[in-house]
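As a plain string of letters, each chain reads:
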Amino acid sequence: MSQAPDYEDIPGTYVYDSRRGREGYALNMFCMSLNKAENRKQFKENEVVYLQGFRMTEEQRRAVLTRDWLGMLKVGGNIYYTIKIAFCDGLTFQDVAGMMAGVSKETYAQMMLAGGRSPEGNRSKRARKPETDRG
Amino acid sequence: MARIVAGIACSHVPAIGVAMDRGTTKTAYWEPLFKGYAPAREWLAKLAPDVAIVVYNDHASAFSLQIIPTFLIGVADEFLIADEGFGPRPVPAVKGHPALAWHLAESLILDEFDMTIANEMPVDHGLTVPLSITCGQPPVWPFAVIPICVNVVQYPPPTGARCYKLGQAVRRAVEKFDQDLRVVIYGTGGMSHQLQGERAGLINREFDGAFLDGMTKDPVALTKLTHTEYMREAGSEGVEMVMWHVMRGALDAEVTEVYRHYHVPASNTAAGLMILENRSIA
């Protein structure tokens, strides 16, 4: 077993690496199917039935059905794929980004207008912890 | 012979395309961004290149996770506009340049860059938004396009250093093509942005400014940035900036920076645009 990759230290970030690639394949391939208008229509008509066509875990199904955007990333979702569900719902990328960040649409939009989220204090999980907690 | 005359670095934020397609570019939100595009459009119209090589990434449009090519070249005579989940963008289909594209594919592979070859593929906002930004809304695109697609969706993307070397090989190949063609190369994506997780919305002006400076003055130093550095400093999706290195590698070591525009925000992203001219052509 290799060491945890260094990018795991970046807070609030789910890098779509081999681990997530193995876990999330079916979930993301369901999302991919929504590129076709006919499939979008079928998904909207009956989401539960539509999802039965994909070998997803119960957790993944639940995350999709409840539109738990952050939860989808935690069970192997890739944002470029899961965003297709949001497009189906008539949401924008910024709507979903705000929901993942856990703030209101207005608060998020305001943050972006003010120059975005600062990297200060957001670079490293380790650096966020007080000295005494380290190591 | 064919020559690369200039490079264009350009973000490819989908919302920029949507704003153009819906005619909302004059709103208070979008106007400052689009105002900065006008000089680039004038420059490009005057340059009137024959071919554009566009280095971009597909976003789950032509390719799913089923097959993930690290470097791919499109050799078709036409590339249709992809449906990315909300219908295709209302922009013209993209005309290819099969003769030069096949020549590039053969030359690159024999030059030890193992390209995947696509005879047929739809193109998404990663390719069409930079065209819209730099050409406006013409009924047909004013030049032929050769798409070079780079994986940045499944970790790891190719390194910046590898992308730079691919650019150098692209240049060698272009210069071996016996038809007189004036070629521009686009490196697209970036700049700082994070579209996912609790850290969504990250923007790093300082990093972006230094990156733009480095692109002009010391591109080789920039190729040493690791993926983790990109993701930490410029957001998880900021790693797309490795694609700029392909463009930069295809240019002279010493270039003239003709134009630069930087604006925050375009949706979740810092939008950058930069034009670099080859001095050997001037």
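All of these numbers come straight from a predicted model, not from anything done at the bench.

Before going further, it helps to spend a moment on the overall build of chain B. The secondary structure content of chain B amounts to 10 helices and 10 strands. A compact globule built from 282 residues should have a C-alpha radius of gyration of about 19 Å, and chain B, at 17 Å, falls within 12% of that. When the backbone C-alpha atoms are referred to their principal axes, chain B occupies close to 50 × 45 × 40 Å. For chain B, with 282 residues in total, the buried portion stands at 56%. In chain B, of all internal contacts separated by at least 6 residues, the share reaching a separation of at least 24 is 82%.

Turning to the overall build of chain A, a few remarks are in order. Across its full length, chain A carries nine helices and zero strands. In chain A, the succession of α and β elements from N to C terminus is α-α-α-α-α-α-α-α-α. Oriented by its inertia axes, the alpha-carbon framework of chain A measures out at about 55 × 45 × 20 Å. Relative to its 135 residues, chain A shows a buried fraction of 37%. When contacts within chain A are restricted to residue pairs at least 6 apart in sequence, those whose partners lie at least 24 apart make up 54%.

Turning to the interface of chain B and chain A, a few remarks are in order. It is common to give the size of an interface as the accessible area lost on bringing the parts into contact. On the chain A side, the residues contacting the 32 residues of chain B number 42 residues. If you list the elements that add at least two residues to the side of chain B that touches chain A, you get helix 9 (227–234) and strand 9 (255–266) of chain B. Per element, the largest residue contribution to the side of chain B that touches chain A is four residues, and it comes from helix 9 of chain B. Taken together, the residues that form the side of chain B that touches chain A break down as 13 nonpolar, 13 polar and six charged.

It is worth spelling out helix 8 (residues 105–113) of chain A at this point. Taken together, the buried positions of helix 8 of chain A are A:Tyr108, A:Met111 and A:Met112. Viewed end-on, helix 8 of chain A has its buried residues packed into an arc of 100°, placing them on one side of the element. Opposite the buried face of helix 8 of chain A, by more than 90 degrees, sit the exposed residues A:Glu106, A:Thr107, A:Gln110 and A:Leu113. For helix 8 of chain A, the elements touching its buried residues are helix 7 (93–101) of chain A together with strand 9 of chain B. Taken from the residues just after helix 8 of chain A, A:Gly115 is the one with a positive phi, measuring 110°.

With that settled, consider the nonpolar core. Residue and element names in this part refer to chain B. Of all hydrophobic cores here, the largest spans 129 residues; its most connected members are Ile53, Val55 and Met243. Among the elements that take part in this core, helix 6 (residues 160–174) stands out by supplying seven residues, more than any other. With residues up to four places along the chain from it excluded, the contact list for Val55 reads Ile148, Val150, Ile185, Tyr186, Gly187, Thr188, Met243, Val246 and Met247.

Bringing unusual backbone geometry into the picture now. Residues and elements named next belong to chain B. The amide bond that connects Gly190 to the next residue, Met191, takes the cis arrangement and shows omega of 0°. Within the fold, Met191 resides in the loop between strand 8 (182–188) and helix 7 (205–217). A cis geometry characterises the amide bond from Val264 onward to Pro265, with omega recorded as -5°. Among the secondary structure elements, Pro265 is positioned in strand 9. Of note in the backbone geometry, Ala48 takes a positive phi value of approximately 45° without being a glycine. The class of Ala48 is exposed, set by 9 C-beta atoms lying within 10 Å. Phi is positive for Ser267, which is not a glycine, with a value near 60°. Checked against the element boundaries, Ser267 lands in the loop between strand 9 and strand 10 (269–278).

This part takes up the confidence of the model for chain B. Chain-level pLDDT for chain B is 97 on average; 100% of the residues reach the 70-or-more range. Listed scores for the predicted complex are pTM 0.97 and ipTM 0.95.

Residues and elements named next belong to chain B. Of all eight residues in strand 1 (residues 3–10), six are buried; the element is thus mostly enclosed. Sheet topology note: the strand 1/strand 8 ladder contains seven bridges and is parallel. Across the sheet, residue Ala6 finds its bridge partner in strand 8, namely Val184.

What follows deals with the sheet that holds strand 10 of chain B. Residues and elements named next belong to chain B. Ordered in space as 6-3-7-2-8-1-10-9, the eight strands form an open sheet in which the pairing is mixed. Edge positions in the sheet fall to strand 6 (116–118) and strand 9, since each of these pairs with one other strand and no more. The mean angle between the axes of side-by-side strands here comes to 20°, regardless of whether they run parallel or antiparallel. The sheet contact formed by strand 3 (residues 71–74) and strand 6 spans three bridges and is parallel. Bridge pairing in strand 6 links Leu72 to Thr116. Packed onto the sheet, helix 3 (residues 38–47) meets strand 1, strand 9 and strand 10 and runs at close to 140° relative to strand 9.

Residues and elements named next belong to chain B. By secondary structure assignment, the location of Trp244 is in helix 10 (residues 242–249). A C-alpha to C-alpha distance of 14 Å links Trp244 and Glu257, two positions 13 residues apart in sequence. Residue contacts for Trp244: discarding those within four places in its chain leaves Ala9, Gly187, Gly190 and Met215.

All names here are of chain B. In terms of residue burial, strand 8 counts as a mostly covered element, since six of its seven residues are buried. Pairing analysis gives five bridges linking strand 2 (residues 51–56) to strand 8, with the strands arranged parallel. For Val55, the partnering residue across the bridge sits in strand 8 and is Gly187.

Rules used in this analysis
- The residue count restarts for each chain, going from 1 along the sequence in the order it is written.
- Starting at A for chains and at 1 for ligands, labels are handed out in the order in which the entities are written.
- The predicted nature of this model means local features are confined to residues of pLDDT at least 70 and side-chain atom pairs, given and counted, to a pLDDT of 80 or more, with totals for whole chains, interfaces and linings taken over all residues.
- Secondary structure elements are taken from DSSP: a helix is a run of H or I of four residues or more, a strand is a run of E of two residues or more, and numbering for both begins at the N terminus.
- Two things to know: the radius of gyration comes from C-alpha atoms, and the globule rule equals 2.2 Å times the number of residues to the power 0.38.
- Burial is judged by counting the other C-beta atoms within 10 Å of a residue's own C-beta: 20 or more makes it buried, 12 or fewer makes it exposed, and any count in between marks it as partly exposed, with every C-beta position built from the backbone.
- We call two residues in contact if the C-beta atoms placed from their backbones are at most 7 Å apart.
- Here the term charged refers only to Asp, Glu, Lys and Arg, the term nonpolar to Ala, Val, Leu, Ile, Met, Phe, Trp, Tyr, Cys and Pro, and the term polar to all other amino acids, Gly among them.
- Think of the arc as the fan of directions from the helix axis to the C-beta atoms.
- For this analysis, nonpolar core means a set of buried Ala, Val, Leu, Ile, Met, Phe, Trp, Tyr and Cys residues linked through C-beta atoms within 7 Å.
- As a per-residue quantity, pLDDT reports the predictor's confidence and falls between 0 and 100.
- Only strands joined by at least two bridges in the DSSP assignment are considered to pair.
- Inter-axis angles, ranging from 0 to 180 degrees, are taken between N-to-C directions of lines fitted to C-alpha atoms, where helices are fitted over the stretch in contact.

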